Every structure is written in C-alpha cells, then in structure tokens.
Amino acid sequence: MKRLGVNIDHVATVRNARGGFHPSPILAAKNAIKCGADSITVHLREDRRHINDNDLKILSRTKIPINLEIACSIKMMNIAIKYEPNFVCLVPEKRKELTTEGGLNLVKNYKKIEHIIKKLNQYKIRTSLFINPKIKDIQYSKKLNSQCIELHTGKISEMIKNKKNYLNEFNKIKKCSSYAKLLGLEVHAGHGMDYKTTKILNNIKEIEEFNIGHFIIGESIMFGLKNVIKKFQKIIKK
Ligand code: PXP
C-alpha cells in the first residue's frame, strides 16, 4: 500500500509572514494525520524560513510519524539526533533557492553523507536520500547504506503542468524505481506534485511513498485539508 506524506512547511510560511503563532504547523500536522496522512514531512532549513527548532521539538513529543528533511551538515545531523524523528531525508540546500531545486550530489558529498547515515542508523532513524532519477545515484545510494531514496519529481511535474511530452522522464523514473527496488532500496517520490502528477506517477508500482507539500497546503485554502488529503489518498490507494 502506497503512503502519503504531507509536508506542512508552508503552514509555517504563512505563520512566519506575521511573526506570530497562527496558523499553527503543529495543529496542521495533527489535523493532517487525523484526515488520513500517513506521515508528516518538515524541512528544517538552515535559514529557518518555515519550520523552526521549537516546531520540531513540539512535533517530536507527539506520536506523529515525522520525516525530517535536512541539509547534509553535521550541525543538522546533531539536531536530528537530538529530536530523533522517525525518518530523515537528506536534501541539498542552497540559501537563495525558492525550493529544493535538484537532487543531492552524492559524489561530491560522499564522505559526509556516509558519516551522517552511519550515525543516524545508530539511532535507528530511517534514512532517505533525495536524488535525481539517475542510475548512478541509485548505485551510490545503495553503497552509502541508505534505506530509502526519494526521487526528485520536479522536472516531470513541470512537464506535465506545461503539457509537454513527459514520457522520457516518466520512463527514467520508472527504470530508476525498479532498479532501486531490486537493490533493496525503498522508493519515495516528491516535489512539485499535484493531483495529475500523482495520478501519473502512481502507475509506478515500486514507489511506496509520496511526499507532497505546496500543492496540498495551497489547495487546502480553498477546499480544506480533509478533502484534499482524501482526494490524494483515493488516487494513491487505488
Ligand atoms: N520532497 C522533498 C525532499 C522536498 O525537499 C520537498 C520540498 O520541500 C518536497 C518533497 C515537497 O515538494 P512540494 O512542496 O513541491 O510538494
């Protein structure tokens, strides 16, 4: 059964716009789980532009399954160890980007990632690597001992939205998913996804988890979190 992870970062973005406490990402997380989300994703960015340390602290005291996205740094690794989320997804991070623009450079960051995964595994935290759909990156992920990979779906999502021919990109993701599964890696997918992208990528049976944020939070303004999560679960669990 495929799972839906709901990224609540942008509830914090709205809160931070006024510097107060409303809307609460903690309440959003609890509500999302109540409405059928399988887990909650938060990206604790180095510049803390959305979720902050206190949010993570409070979330870590709940029973909600938390997938914490962090940059590949020792400082962020230590924060993860402190709060012990269920899962950690390592992502590339650039200060000026609007959102995570691409997958990790596993060659350049090999030693650091190897160390972080080893350490997180000691704390029984499941690790995932956010990568581009490339066979070489799957091989490196396996060598690095990660339990999961999350395939960056930003490119195919843009192609689908702009009505471009996405077949090559789809086949690339499909091939990478099968190969990763064959190597024993759990396959996740995320970035830029909406209903249509999810419907298309849901045809890849090896993908076990979708992590979706911006669209879910944006759509919830109009239709409510419950209806939006229900609609996604209907697509994913069919
Ligand atoms: N997965 C990862 C690793 C991400 O970094 C992000 C964006 O923070 C997402 C999924 C969700 O992307 P979106 O907000 O575009 O749905």
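Refer to the structure printed above.
Nothing here was measured: the structure is a model prediction, and the numbers come from that model. (Residues numbered from 1 in each chain as written. Predicted model: local features only at pLDDT ≥ 70, side-chain atom pairs only at ≥ 80, totals over all residues. Heavy atoms only, no water.)

(A) The site of the ligand, seen in detail. The local shell around the ligand consists of Asn7, Glu69, Val91, Thr100, Phe130, Glu150, His191, Gly192, Asn211, Ile212, Gly213 and His214. For the ligand, an oxygen atom lies 2.8 Å from a polar atom in the backbone of Gly213. At 2.9 Å, a backbone N or O of His214 approaches an oxygen atom of the ligand. For the ligand, whose accessible area on its own is 400 Å², the fraction buried by protein is 94%. Taken atom by atom, the bulk of the ligand overlaps the largest pocket. (Near = heavy atom within 4 Å. Polar contact = N/O pair within 3.5 Å; in protein donor to acceptor, adjacent residues only side chain to side chain. Areas by Shrake-Rupley, 256 points an atom, 1.4 Å probe, with all protein chains shown as cover. 1 Å grid on protein atoms, 1.4 Å probe; cavity = no way out; pocket = protein on both sides within 12 Å on 5 of 7 lines; lining within 4 Å. Sits in = over half its atoms within 2 Å of the grid points.)

(B) Expanded view of the packing of aromatic side chains. Tallying each qualifying case throughout the model produces 4 aromatic pairs. Ring plane angle 85° and centroid distance 6.0 Å describe the contact between Phe215 and Phe232, whose orientation is recorded as edge-to-face. Taken together, the residues span a long stretch of sequence, with Phe215 in helix H10 (residues 214-223) and Phe232 in helix H11 (residues 225-236) at a distance of 17 residues. For Phe215, a relative accessible area of 22% gives the class partly exposed. Taking the relative accessible area as the measure of exposure, Phe232 reaches 0% and is therefore buried. Through successive ring pairs, a cluster of aromatic residues spans Tyr195, Phe215 and Phe232. The residue whose ring lies beneath Arg126 is Phe87, and the NZ or CZ to ring-centre distance is 3.7 Å. (Phe/Tyr/Trp six-rings, centres within 6.5 Å; stacked < 30°, edge-to-face > 60°. Helix = DSSP H or I, 4+ residues; strand = E, 2+ residues; numbered from the N terminus. Buried < 20%, exposed > 50% of the residue type's maximum accessible area, 1.4 Å probe, protein only. Lys NZ or Arg CZ within 6 Å of the ring centre and 35° of its normal.)

(C) Focus on the pattern of salt bridges. The full count for this structure, using the stated rule, is 13 salt bridges. Residue Arg126 pairs with Glu186 through a salt bridge whose shortest N-O separation is 3.5 Å. Of this pair, Arg126 sits in strand E5 (residues 126-131) while Glu186 sits in strand E7 (residues 186-190), and the two are 60 residues apart along the sequence. For Arg126, a relative accessible area of 15% gives the class buried. Through salt bridges that share partners, Arg3, Arg126, Glu186 and Glu209 make up one connected network. (Salt bridge = Lys/Arg side-chain N within 4 Å of Asp/Glu carboxyl O.)

(D) Geometry of the packing of helix H6 (residues 135-143) against helix H8 (residues 167-182). Direction vectors running N to C along H6 and H8 enclose 25°, while the axes themselves pass 10 Å from each other. Taken as axis vectors, H6 and H8 run roughly parallel relative to one another. Between H6 and H8 lies a crossing of right-handed hand. From H6, Ile135, Ile138 and Gln139 reach across to H8, where they touch Lys175, Cys176, Tyr179 and Ala180. Considering only residue class, the contact of H6 with H8 consists of 5 nonpolar, 1 polar and 1 charged. (Axes fitted to C-alpha atoms, helices over the stretch in contact; angles between N-to-C directions. Parallel < 35°, antiparallel > 145°, perpendicular 65-115°, else oblique. Left-handed = near helix turned anticlockwise from the far one by under 90°. Contact = heavy atoms within 4.5 Å. Nonpolar A, V, L, I, M, F, W, Y, C, P; charged D, E, K, R; others polar.)

(E) Spotlight on the nonpolar core. Core analysis: the largest hydrophobic core is formed by 69 residues, its most contacted members being Ile8 and Leu90. Ignoring any residue separated from it by four or fewer positions in sequence, one finds Ile8 in contact with Pro25, Ala28, Ala29, Ile40, Thr41, Val42, Ile51, Leu59 and Ile217. (Core = buried A, V, L, I, M, F, W, Y, C linked by side-chain atoms within 4.5 Å.)

(F) Up close: the side chain of Asp9. Topologically, Asp9 is positioned in helix H1 (residues 9-18). Notably, Asp9 is buried but unbridged: the nearest opposite-charge side chain belongs to Arg45, and the N-O separation is 6.5 Å. A polar contact of 2.9 Å, which involves the side chain of Asp9, links it to the backbone nitrogen of His43. Setting aside residues up to four positions removed in sequence, Asp9 forms contacts with Thr41, Val42, His43, His50 and Ile51. (Lys, Arg positive; Asp, Glu negative; His and termini not counted.)

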